[in-house]
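# An overview of the molecular structure
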Amino acid sequence: MSDDVIVQCIDVNTKFGALHVLKNVNLTVRPGETVGLVGESGSGKTTLGRAILGIGPVSSGRILFEGHDIAGVAPRDRKGNAASIQAVFQDPYTSLNPSMTIEDILVEPIVARRQASLEEARARVRTLLDQVNLPSDAAYRYPREFSGGQRQRVAIARALALSPHLIVCDEPVSALDLSTQQRVLDLFVEIQERTGVAYLFVSHDLSVVRHISHRVAVMRGGEIVEFGDCDQVTAHPQHDYTKRLLLAAPVADPVRQADRRAALRALNTGA
Amino acid sequence: MSAATPAPAPAASSRESIALSVLTNPLGLIAAILLVLVIATAVFAPLIAPFAPGDLQIFKINAPPGDGYLLGGDGSGRDIFSRLVYGARNTLIGALIALSVAAAIGVTAGLFAGYFGGRREVVMSWIADGLMALPALIVLLAFYQSLGSSIQVSMVIFGIMLSPGFYRLTRNLVNGVKHELYVDAARVSGLSDMRIIARHILLVIRAPVIIQTSIVAGISIVIQAGLEFLGLGDPSVPTWGGMLQDAFANMFVVPTAILWPGLAISITVASFVLLANAIRDRLQQGNRTAPASKMPKVVAKPVGAAPTDNDLLLDIRELVVGYPGKTGWTEVVKGVSLQLRKGEVLGLVGESGSGKTQTAFSVLGLLSTGGRILSGSIWFDGRDIANLPEDEMQKLRGKRIAYVPQEPMSNLDPAFRIGFQLTEPMMTVLGISRSEAKARALKLLAKVGMPDPMRTYKAYPHQISGGMAQRVLIARAISCSPDLLIADEPTTALDVTVQAEVLELLRDLQAEMGMSVILVTHNFGVVADICHRVSVMKDGKVVETADVRTLFADPQHDYTKMLLGAVLDDVTPRTYRPRMLKEVSA
């Protein structure tokens, strides 16, 4: 079981007071796999990501990571590989502390987890920067000196610092320009193919999710309405909501977009 | 969304650069020098003062300056200058005690209350509110009665009374910063709460706390002097307040004696406050650029004559928009020419910093502070509206040129009902009565697809969703039947299903009313969905303009090709190869 599943969410529920944000969520991620988690605002996709990271609450249910239940366990109390689960967040402008140098930012997780001494960790910074295609002199500069795409590379380097088996990516390319977005996505794929890290990739953008995912889960109102292979879910959706979501995203082709618009209208009036 | 948003610098600056720029500010420099002088006087008092503070010479009671006594003698025949010097020491020690107690209690409590929140915060806030409600002077007098004449004990108590100021400041700052993503990232990295507070949170709060410290130092000197003036100090310890009291008793004999301690107190307190102001100015300023008034004057001359083609609603010619930079104007739009026909939807597409929003805002006459149209013309319906006086522009805006913003929620005033926000502009622009405006507003709300127009009319903005808010703003934009609608990323903040509905609505309204639309967007899907023609912008220039089908089928410019190549519409899904991790680790 734990051989082919790295994360398994079993009947996960989260409530904020009267708000039932996650409803019996079941989800698995296999080693080296990207699971895309797509949904609109308020669907609970970010809450699920934060629950797996240990920075969001779990009211009931289990989250097994390599066989151990980590639901409700804060990151600093996690042991073994669970301690190395990392995150890349949406906004590269606020996910890096503006008053720390890139080196300080990258060294922090290594030292916090006592994986290496400060000197050894500093020596590792160059390798990390190299992995995300940033020059090694970036280490001594501050986040404000970098563009959005470069900052997101720094955030990815920080996530890689602990050689994690799983990275939770919460809308990591939503704040980036189109061309930057593609390069950062390519970097995610390249890193995965080299290191075998698994991604839980949270996004509202189905085209991004389709580009990077092996499997896709569609969330709505705290529930997973459809979960399956990427091609299956994004090309032959079963659930009405998935169909609407797919058709609602405009494609960059005026002729096809006109057809999709008509199809969406038909679906909406039919429903 | 793009271009002229200055980077948020202040919090990022290191302590050294703040100190340096505070010293380059003349007031800050003077205050710092004076404070250094006062502190040096206090520290080296025995070296500076010619006499011990208690030395008295009976024949020099209330003596005028001179004869060894630089500033004369006080009511007991002691040297005023020497007492002033020693007084600096005792006064500063008193202030330091109050300050340390207040900052230690307030900042610590504020950090914990702000970071952990919950019940702890509630209890601590109760205590802080209770302390603030107590009248400080009366409490001090009561303690003086029970604890005796030590001004230092009084200053400890005063420090406790002052701590709520630090507490509230710190708590609010921490509340603001603790949900930052980098704090989340630190938690994911496994940092303990203590280390997160020490590494990430203290950095952010230190500058405001320094400002508060400086102000509180001034306050505690004043209060301390006041207490001593009332006779609540130890008469054997020379302090400025005590000297004030002594001089006051002899005011009719030596009126000038009251001047010296008074001056010492005022100058020191003023220096603390000025220093605080200088630091605050520096923090609020961020990256300073030359103010627009100092920039060379710009008069945009019309380019060419009014277009003769009646079908042409908008003709932008060689438009250049600049913002004041460190070395003159920084151009963000560099010679853009665009044409918009009546009833046409033009997509203005590009990446951030391409100048697309600035171009659109020039047409509205709504450039951010400092921004100017440096040259070029904007011919709108036969008239050049580039750099039109604000009052003339106001007549066009809303009536003939309308605007739909990117963030619907921040463009509705939360304090007013939606109905009011819809009817008010109509009454102003169209000069119609309130009841007429209301009837129109209800009709408009129905038109933009509100299921229950009356309910929306009476609702406050927080009671409706983002998609609904955008419909309301569209209703407001079309309420005066404009000829030109400028929509700046109108669907970017919306969910994709809501986006489809809003685009549908815009399309229907455009067709029905025959208005022209400039749609600023970064999304080629949105362009393909609604636009007739497209202009692609890069670095302040239009690189390509074409009919929408032509652009997607046969892009000419390399940049357009690159952008279209980056669109992720038709990708082959990845195939999962199990046991990949094992291959790697083996």
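Residues numbered from 1 in each chain as written. Chains lettered and ligands numbered in written order. Predicted model: local features only at pLDDT ≥ 70, side-chain atom pairs only at ≥ 80, totals over all residues.

## Re the pairing of strand β7 (residues 166-170) of chain A
All names here are of chain A. As a reminder, the rule being used: Three exposure classes are used, based on other C-beta atoms lying within 10 Å of a residue's own C-beta, which is placed from the backbone: buried for 20 or more, exposed for 12 or fewer, and partly exposed in between. The numbering of helices and of strands both runs from the N terminus, where a helix is a DSSP run of H or I of at least 4 residues and a strand a run of E of at least 2. Pairs of strands are assigned from DSSP output, requiring at least two bridges between the strands.
For β7, the tally of buried residues reaches five of five residues, placing the bulk of the element in the interior. Burial along β7 is two-sided: Leu166, Val168 and Asp170 and Ile167 and Cys169, pointing in opposite directions, are all buried. Sheet analysis places strand β6 (residues 86-88) next to β7, joined by three bridges and oriented parallel. In the strand pairing of β7, Ala87 is matched with Val168. Looking at chain direction, β7 and strand β8 (residues 198-203) are connected through five bridges and run parallel. Note on β8: the bridge partner recorded for Asp170 is Val202.

## Quick look at the interface of chain A and chain B
The accessible area lost on association of the parts is a frequent measure of interface size. Heads up, the condition is: Two residues form a contact once the distance between their C-beta atoms, set from the backbone, is within 7 Å. Classes in brief: Ala, Val, Leu, Ile, Met, Phe, Trp, Tyr, Cys and Pro nonpolar; Asp, Glu, Lys and Arg charged; the others, Gly included, polar.
Taken residue by residue, the interface counts 56 residues in chain A and 48 residues in chain B. Listed by contribution, the elements that provide at least two residues to the side of chain A that touches chain B are β6, α2 (102-112), α5 (178-195), α6 (206-212), α7 (230-235), α8 (240-248) and α9 (254-270) of chain A. Across the side of chain A that touches chain B, the residue classes break down as 23 nonpolar, 17 polar and 16 charged.

## What about the domain arrangement of chain B?
Under the convention used in this document: Domain segmentation is taken from an automatic or database assignment of domains.
Here chain B is described as being made up of domain 1 (23-285) and domain 2 (398-531). Between the C-alpha centres of domain 1 of chain B and domain 2 of chain B the distance comes to 55 Å.

## Points about the environment of A:Val209
Tracing the chain through its elements places A:Val209 in helix α6. Sequence separation of A:Val209 and A:Ala248 is 39 residues, and the distance between their C-alpha atoms is 15 Å.

## Quick word on the sheet that holds strand β1 (residues 312-325) of chain B
All names here are of chain B. Inclusion rule: Angles run from 0 to 180 degrees between N-to-C directions of axes, and those axes are lines fitted to C-alpha atoms, restricted for helices to the stretch in contact.
Pairing within the open sheet is antiparallel, and its four strands lie in the order β2-β1-β4-β5. In the strand order of this sheet, the two ends are held by β2 (328-341) and β5 (383-384), each with one partner. The pairing of strand β4 (residues 372-380) with β5 spans two bridges and is antiparallel. Considered in β5, the bridge of Phe380 is made with Arg383. Set on the sheet, helix α12 (residues 356-364) makes contact with β1, β2 and β4; between it and β1 the angle comes to about 110°.

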